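# Secondary and tertiary structure notes
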Amino acid sequence: MPRKFFKTLLPDQAKIKNNRYLAVLGNTIHHPECWHLTRHSVAGAFFIGIFCAFLPIPLQSLLAAFLAIIFRRNLPLSVVLVFISNPFTMAPIYYFNYWLGSVLLNEPSTYQTLSIDDLWVWLAVNFNLIGTPLIVGSIVAGLIFGATSYFGIHLFWLWRVKSKWHKRQQQRSK
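Read on for an overview of the structure. (Residues numbered from 1 in each chain as written. Predicted model: local features only at pLDDT ≥ 70, side-chain atom pairs only at ≥ 80, totals over all residues. Heavy atoms only, no water.)

### With respect to the overall build of the protein
- A count of helices and strands for the protein gives seven helices and zero strands.
- When the helices and strands of the protein are placed in sequence order, the string is α-α-α-α-α-α-α.
- Here the contacts in the protein between residues at least 6 apart in sequence split such that 73% fall between residues at least 24 apart.
- Split by element, the accessible area of the protein, about 11400 Å² in all, is 67% carbon and sulfur. (Helix = DSSP H or I, 4+ residues; strand = E, 2+ residues; numbered from the N terminus. Contact = heavy atoms within 4.5 Å. Areas by Shrake-Rupley, 256 points an atom, 1.4 Å probe, with all protein chains shown as cover.)

Set out below in structure tokens:
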């Protein structure tokens, strides 16, 4: 089953339960549905994690954990998937989000060659021009890629279960 594959990616539940920093969350973090590896919890975790990865906000993993707890989806998988956006992938992801937002809002894209020193100053001065397309593009891209992963996980899970079932049927008939 795909459950075994996903179990290898996740941290140990006992370690997380004994973490003193997470004790602040109380018993909500220990709800069994936040730890189960079912088709629905994994697909929901993929949606939450990938959606949060596309948002241009700090502490995306906290938002993913909060949403996973609220919607009772797999908590560790939601948080791990947020790291799709990391220092190496942030620039292409956010540039794509900005481009998508510019297309959706029918606004001209702002292209400019900048050095690293000028980047933060340029962002602070021009955020009113790029902020709206970036946010709109990030939300739309997060929803699209999150929904694609949600349905993709459902299809993958069903395919794996059917192929294992078919394999067992063939072995039984021999």
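### Examining unusual backbone geometry
- In this structure, Leu 59 is a non-glycine residue whose phi angle is positive, near 60°.
- Relative to the helices and strands, Leu 59 resides in the loop between α3 (39-53) and α4 (60-71).
- Although it is not a glycine, Asn 106 adopts a positive phi angle of roughly 55°.
- Residue placement: Asn 106 occurs in the loop between α6 (90-105) and α7 (116-173).

### Details of the nonpolar core
- One finds Val 42, Phe 46, Phe 54, Leu 77 and Ile 153 to be the most contacted residues of the largest nonpolar core, which totals 18 residues.
- Residue assignment for this core shows that the elements contributing at least two residues are α3, α5 (75-81), α6 and α7.
- Residues Cys 34, Phe 51, Ala 64 and Val 82 belong to the second largest nonpolar core, which totals 13 residues. (Core = buried A, V, L, I, M, F, W, Y, C linked by side-chain atoms within 4.5 Å. Buried < 20%, exposed > 50% of the residue type's maximum accessible area, 1.4 Å probe, protein only.)

### Some words on a nonpolar patch on the surface
- A contiguous nonpolar surface patch, about 560 Å² in accessible area, is contributed by Tyr 95, Phe 96, Trp 99, Val 103, Ile 144 and Phe 145.
- Where the nonpolar patch is concerned, the elements lending two or more residues are α6 and α7.
- Here the nonpolar patch gets four residues from one element, more than from any other, and that element is α6. (Patch = residues over 30% accessible without salt bridge, like charges linked within 9 Å, V, L, I, M, F, W, Y side chains within 5 Å. Salt bridge = Lys/Arg side-chain N within 4 Å of Asp/Glu carboxyl O.)

### Observations concerning α3
- Counted at 1.5 Å a residue, the expected span for α3 with its 15 residues is 21 Å, and the 21 Å between its end C-alpha atoms agrees.
- Most of α3 sits out of view: 12 of its 15 residues are buried.
- Along α3, the residues classified as buried are Ser 41, Val 42, Ala 43, Gly 44, Ala 45, Phe 46, Ile 48, Gly 49, Ile 50, Phe 51, Cys 52 and Ala 53. (Expected span 1.5 Å × (residues − 1).)

### Describing the packing of aromatic side chains
- A full pass over the atoms with the stated rule returns six aromatic pairs.
- Between Phe 54 and Phe 145, the aromatic rings sit 5.0 Å apart at their centres with planes inclined by 5°, giving stacked as the arrangement. Taken together, the positions of Phe 54 in the loop between α3 and α4 and Phe 145 in helix α7 put the pair 91 residues apart, joining distant regions of the chain.
- For Phe 54, a relative accessible area of 9% gives the class buried. (Phe/Tyr/Trp six-rings, centres within 6.5 Å; stacked < 30°, edge-to-face > 60°.)

### Focus: α6
- Compared with the 22 Å implied by 1.5 Å per residue over 16 residues, the 22 Å span of α6 between its first and last C-alpha is a close match.
- Residue Asn 106 follows α6 closely and has a positive phi angle near 55°.

### Description of a positive patch on the surface
- Taken together, the side chains of Lys 164, Lys 167, Arg 168 and Arg 172 present a region of like positive charge at the surface.
- Looking at the secondary structure, you find Lys 167 in helix α7. (Lys, Arg positive; Asp, Glu negative; His and termini not counted. Charge placed at Lys NZ, Arg CZ, Asp CG, Glu CD.)

### Overview of the environment of Gly 152
- Tracing the backbone through its elements, the reader meets Gly 152 in helix α7.
- Take Gly 152: its relative accessible area is 32%, and that puts it in the partly exposed class.

### Brief notes about the packing of α3 against α4
- The geometry of α3 relative to α4 is characterised by a closest axis approach of 9 Å and an angle of 150° between their N-to-C directions. If you check the angle between α3 and α4, you find them roughly antiparallel. α4 is crossed by α3, and the crossing has right-handed handedness. Residue-level inspection shows Ile 48, Cys 52 and Ala 53 of α3 in contact with α4, the latter providing Gln 60, Leu 63, Ala 64, Leu 67, Ala 68 and Phe 71. (Axes fitted to C-alpha atoms, helices over the stretch in contact; angles between N-to-C directions. Parallel < 35°, antiparallel > 145°, perpendicular 65-115°, else oblique. Left-handed = near helix turned anticlockwise from the far one by under 90°.)

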